[in-house]
Amino acid sequence: LTVKFLAMLASLALAALLILRVHYLRADAILYFSCLPATAAAALAPGWLYQGLERLKTLTFFNGAGSLAYMLLLFALVHSPKDVWLAALLPNLMALLVSIACLWNCGRSLGVRFRLPQRHELAEQMKEGFHLFLTTASITLYTSTNVFLVGMLGGDVQAGLFSAADKMVRAI
């Protein structure tokens with residue numbers, strides 16, 4: 001979890017840097033920043049633990065409560081197109097809160113104790129998982145970078161058309 005947390009911090013810093021420095025992204029910076037809690041939620045989510053222990057009822061409860069809270073907040077707070085940033089923030093914020101609640105529950109009901117690892121343990125885990133990380137990252141870059149680049153070079157409409165065509169080609 002520590003390595004995932006460090007990777008999350010690096011990802012958030014890189015995303016913030018790109019949003020602030022790339023003109024194409026800066027125009028909608030508040031919308032992009034509203035989506036960043038999803039990165040933290042994904043990194044902190046202990047769904048793998050609940051699945052491994054076959055405690056999916058607990059995971060379902062937390063996810064259901066988060067979805068219900070999101071829906072209620074969406075209807076209560078989003079009223080106009082100006083609120084698009086809030087509509088983007090709410091599900092990501094709820095996902096982050098659900099992840100934190102699940103981590104808290106791991107400690108409370110499962111007796112899981114979180115601790116900071118020693119430096120040598122951290123280095124060993126990073127060394128062991130490096131090849132898997134590279135494989136996963138390269139697949140993500142290969143599948144996602146094209147739409148991003150088309151959007152930067154050609155604009156939103158071209159990126160949308162390219163993405164739709166790409167999904168149809170992959171489906172066939």
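Our subject in this report is the structure included herewith.

Parameters at a glance
- Residues numbered from 1 in each chain as written.
- Predicted model: local features only at pLDDT ≥ 70, side-chain atom pairs only at ≥ 80, totals over all residues.
- Heavy atoms only, no water.
- Phe/Tyr/Trp six-rings, centres within 6.5 Å; stacked < 30°, edge-to-face > 60°.
- Salt bridge = Lys/Arg side-chain N within 4 Å of Asp/Glu carboxyl O.
- Helix = DSSP H or I, 4+ residues; strand = E, 2+ residues; numbered from the N terminus.
- Buried < 20%, exposed > 50% of the residue type's maximum accessible area, 1.4 Å probe, protein only.
- Patch = residues over 30% accessible without salt bridge, like charges linked within 9 Å, V, L, I, M, F, W, Y side chains within 5 Å.
- Areas by Shrake-Rupley, 256 points an atom, 1.4 Å probe, with all protein chains shown as cover.
- Expected span 1.5 Å × (residues − 1).
- Contact = heavy atoms within 4.5 Å.

### A closer look at the packing of aromatic side chains
The full count for this structure, using the stated rule, is one aromatic pair. Here F61 and F62 contribute two aromatic rings whose centre-to-centre distance is 5.5 Å and whose plane-to-plane angle is 65°, an arrangement assigned as edge-to-face.

### Some remarks on the pattern of salt bridges
A full pass over the atoms with the stated rule returns one salt bridge. When the shortest N-O distance is used, the salt bridge between R170 and D166 registers 2.9 Å. One end of the pair, R170, and the other, D166, are both in helix α9 (residues 156–171), four residues apart, so they sit about a helical turn from each other. A residue is classified by how much of its surface remains accessible, and R170, at 46% relative accessible area, is partly exposed.

### Notes on a nonpolar patch on the surface
Together, L68, M71, L72 and F75 line one region of the surface with nonpolar side chains, adding up to about 430 Å² of accessible area. Mapped onto the fold, L68 is located in helix α6 (residues 56–77).

### Some remarks on helix α1 (residues 2–21)
Between its first and last C-alpha, α1 extends 28 Å over 20 residues, near the 28 Å set by a 1.5 Å rise per residue. Along its buried surface, α1 packs onto α2 (23–26), α3 (29–35) and α4 (37–44).

Everything listed is a geometric property; what it means functionally is a separate question.
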